[in-house]
Amino acid sequence: MSFPVEFARNQWYVAAYGSEITRDLFPRTILGEALVFYRTRAGQVIALSDRCVHRRYPLSESNLDGDNIVCGYHGFTYDPTGTCVAVPGQKRIPRTARVPAYQVVEQDSFVWVWIGEPEKADPNLIPRAPWLVDPNYTTVYGMEPLRAPYGLLVDNLLDLSHETYLHGGYIGTPEVAATPIRTTVDEERQIVYVSRHMDDAACPPFYAESTGITGRIVRWQDIEFHPPCLYLLHSRVAPVGVLPREDGTDPDGFHVEVVYAITPETENSTHDFWAVARDFALDDTQVSDFLRESNRTVVLQDVVALNKLAEVLATERDRYQELSINIDTGGLAARRLIEAQIAQGAGARGEGARAEQGRVSVGGRP
């Protein structure tokens with residue numbers, strides 16, 4: 001079973017960090033749909049189609065007048081709902097003069113957008129990443145463009161054995177590839193879990209430099225993937241033999257929450273959002289700088305590898321038999337759930353799905 005090349009449109013996707021959206025017009029393509037984002041004077045995030053209905057000029061190359069966008073080509077003016085409120089040279093506004101508006105939700109530092117059928121959008125279905133706005137954690141974050149289908153990134157993140165080979169010297173050690181995984185699927189909640197617990201492992205520089213641990217470690221990797229977009233890696237490290245207490249507390253462990261939002265741009269390109277939240281050395285800017293640069297380096301190593309893999313697969317998509325083993329069970333489960341989401345959203349259209357603008361604002365910005 002290969003990864004689907006279509007999109008599950010009736011799902012929420014991360015479009016941006018909240019900090020990216022300001023009073024400047026901000027373009028981003030999501031699931032092949034060109035969108036423009038901005039904040040109203042009251043701070044609400046607006047998402048409209050990035051094409052003027054008149055001659056398809058990008059609205060992101062235009063101007064704001066109050067909370068309205070004035071097309072920079074011929075002056076068609078749109079309010080935050082996408083309704084045209086002024087056209088040049090005449091008082092009558094054509095009935096069809098409007099652009100699609102998309103529902104958005106701000107939550108846990110992300111701006112989420114709904115591309116599918118508007119009546120099916122339920123903000124309560126958006127998965128949470130509360131560490132990104134928790135004062136008991138400090139977060140570094142970024143986004144890297146990927147010239148590869150989103151499915152390659154899903155596969156990559158659900159099989160962390162590649163850390164040993166691709167990310168040696170940063171986060172990879174021999175024990176990651178050598179330790180078996182445990183995969184479970186919550187069919188009702190549509191979540192894939194992949195766990196790898198190492199009782200005696202080398203401490204990679206990513207953790208040695210940030211935590212100060214000098215010897216071998218207990219290292220836990222507990223993945224929680226919410227198809228199609230949100231990936232959570234609950235990571236725990238501690239000196240060998242140091243485990244959580246019987247009451248469930250864990251004051252002697254170091255906890256890192258790694259969050260990825262895997263958002264398709266087009267069929268062959270992906271927005272790779274990443275964030276690393278930690279519950280130690282909260283005010284240490286040197287630790288923050290180190291983790292930011294180290295994780296970005298790791299992400300870029302993935303980007304290089306997946307871009308190359310995409311080039312290869314494009315030349316032989318119909319001429320090879322995919323081989324899967326135990327380490328692939330998480331990725332295969334994710335493919336199956338996403339295939340089901342695609343089937344459930346069959347017929348949903350992107351740009352044709354007009355929606356009232358979302359009104360939910362939860363949490364802060366990184």
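Residues numbered from 1 in each chain as written. Predicted model: local features only at pLDDT ≥ 70, side-chain atom pairs only at ≥ 80, totals over all residues. Heavy atoms only, no water.

*Asks:* I keep staring at the pattern of salt bridges and nothing clicks. Help me out?
*Replies:* Note on pairing: side chains with opposite charge can pair once their charged atoms come close. Tallied over the full model, the rule gives 19 salt bridges. A salt bridge links Arg-245 to Asp-252; the nearest nitrogen and oxygen atoms lie 3.8 Å apart. On the accessibility criterion, Asp-252 (41% relative accessible area) is partly exposed. A salt bridge links Asp-289 to Arg-292; the shortest N-O distance between them is 3.0 Å. In this pair, Asp-289 and Arg-292 are both assigned in helix α5 (residues 285–316), three residues apart and thus about one turn of the helix distant. Sharing partners across several salt bridges, the network here consists of Arg-23, Arg-41 and Asp-67. (Salt bridge = Lys/Arg side-chain N within 4 Å of Asp/Glu carboxyl O. Buried < 20%, exposed > 50% of the residue type's maximum accessible area, 1.4 Å probe, protein only. Helix = DSSP H or I, 4+ residues; strand = E, 2+ residues; numbered from the N terminus.)

*Asks:* Explain the sheet that holds strand β3 (residues 33–39) here, please?
*Replies:* Picture the strands of a sheet paired through backbone hydrogen bonds; they go either parallel or antiparallel. Strand order in the open sheet made by the three strands is β2-β3-β4, with antiparallel pairing throughout. A single partner strand is all that each edge strand has here, and the edge strands are β2 (26–30) and β4 (45–49). Across this sheet, the average inter-strand angle for adjacent strands is 35°, counted without regard to direction. Relative to β4, β3 is paired through five bridges, and the arrangement is antiparallel. (Pairing = 2+ DSSP bridges. Axes fitted to C-alpha atoms, helices over the stretch in contact; angles between N-to-C directions.)

*Asks:* It is not clear to me how helix α6 (residues 329–344) should be interpreted in this structure. Could you clarify?
*Replies:* When the terminal C-alpha atoms of α6 are compared, their 23 Å separation across 16 residues agrees well with the 22 Å that a helix rising 1.5 Å per residue should span. Taken together, the buried positions of α6 are occupied by Gly-330, Gly-331, Ala-333, Ala-334, Arg-335, Leu-337, Ile-338, Gln-341 and Ile-342. (Expected span 1.5 Å × (residues − 1).)

*Asks:* Is there a simple way to explain the nonpolar core in this structure?
*Replies:* A general tendency of soluble globular proteins is for nonpolar side chains to be buried together. Judged by nonpolar contacts, the single largest core of 86 residues is most densely connected at Phe-37, Phe-110, Phe-225, Tyr-231 and Val-259. The leading source of residues in this core is α5, at eight residues. The residues contacting Phe-225, other than those within four sequence positions of it, are Val-154, Leu-158, Gln-190, Ile-191, Val-192, Leu-230, Tyr-231, Ile-262, Ala-334 and Ile-338. Core analysis: the next-biggest nonpolar cluster, separate from the first, contains 16 residues, Ile-46, Leu-48, Ala-97 and Ala-101 among them. (Core = buried A, V, L, I, M, F, W, Y, C linked by side-chain atoms within 4.5 Å. Contact = heavy atoms within 4.5 Å.)

*Asks:* Before we go on, may I ask you to explain the environment of Leu-59 in this structure?
*Replies:* Checked against the element boundaries, Leu-59 lands in the loop between β4 and β5 (63–65). For Leu-59, a relative accessible area of 0% puts it in the buried group. A sequence separation of 13 residues divides Leu-59 from Ile-46, and the C-alpha atoms of the two residues are 13 Å apart. In contact with Leu-59, other than residues within four places in its own chain, are Leu-25, Val-36, Ser-49, Asp-50, Arg-51, Cys-52, Ile-69, Cys-71, Tyr-78 and Val-99.

*Asks:* Honestly, the environment of Glu-311 in this entry has me stumped. Any pointers?
*Replies:* Along the chain, Glu-311 falls in helix α5. As for Glu-311 and Ala-148, which are separated by 163 residues in sequence, their C-alpha atoms are 8.1 Å apart.

*Asks:* What should I look at first to understand the pairing of strand β10 (residues 110–114) in this one?
*Replies:* The two faces of a sheet get side chains in turn, since along a regular strand they alternate between them. Of all five residues that make up β10, five are buried, and the element is covered over most of its length. Burial of the side chains of β10 extends over both faces: Phe-110, Trp-112 and Trp-114 are buried on one face and Val-111 and Val-113 on the other. Across five bridges, the pairing between strand β1 (residues 12–17) and β10 is antiparallel. Residue pairing for β10: Val-14 is matched across the bridge by Trp-112. Here strand β9 (residues 104–107) runs beside β10; their pairing, made up of four bridges, is antiparallel. Bridge pairing in β10 links Gln-107 to Phe-110.

*Asks:* Honestly, the packing of aromatic side chains in this entry has me stumped. Any pointers?
*Replies:* The description of two aromatic rings rests on the distance between their centres and on the angle between their planes. Taken as a whole, this structure holds 10 aromatic pairs when the rule is applied. Their ring planes at 75° and their centres at 5.8 Å tell us that Tyr-231 and Tyr-260 sit as a pair that is edge-to-face. One end of the pair, Tyr-231, is in strand β15 (residues 230–239); the other, Tyr-260, is in strand β16 (residues 254–266), and 29 residues separate them in sequence. Exposure remark for Tyr-260: the relative accessible area of 5% places this residue in the buried category. Here the aromatic rings of Phe-254 and Phe-280 are separated by 5.2 Å at their centres, their planes lie at 85°, and the arrangement is edge-to-face. Of this pair, Phe-254 sits in strand β16 while Phe-280 sits in the loop between β17 (269–278) and α5; the two residues are 26 residues apart in sequence, bridging distant segments of the chain. Residue Phe-280 is classed as buried on the basis of its relative accessible area of 9%. Lying across the ring of Trp-220, Arg-236 places its NZ or CZ 5.0 Å from the centre. (Phe/Tyr/Trp six-rings, centres within 6.5 Å; stacked < 30°, edge-to-face > 60°. Lys NZ or Arg CZ within 6 Å of the ring centre and 35° of its normal.)

*Asks:* Explain unusual backbone geometry here, please?
*Replies:* Across the chain, the bulk of peptide bonds are trans and the bulk of non-glycine residues have phi less than zero. With an omega dihedral of 5°, the bond running from Pro-227 to Pro-228 counts as a cis peptide bond. Inspection of the secondary structure assignment puts Pro-228 in the loop between β14 (217–226) and β15. The phi torsion at Ser-109 lies on the positive side, around 80°, for a residue other than glycine. With respect to the helices, strands and loops of the structure, Ser-109 is situated in the loop between β9 and β10. Judged by relative accessible area, Ser-109 falls into the buried class, the value being 2%.

*Asks:* In this structure, what is going on with the confidence of the model for the protein? I would like to understand it.
*Replies:* Across the protein, the average pLDDT comes to 92, with 93% of residues at or above 70. Within the model, pLDDT remains below 50 along residues 349–366, and this stretch shows 65 contacts once partners closer than five positions in the same chain are excluded. (pLDDT = per-residue confidence, 0-100.)

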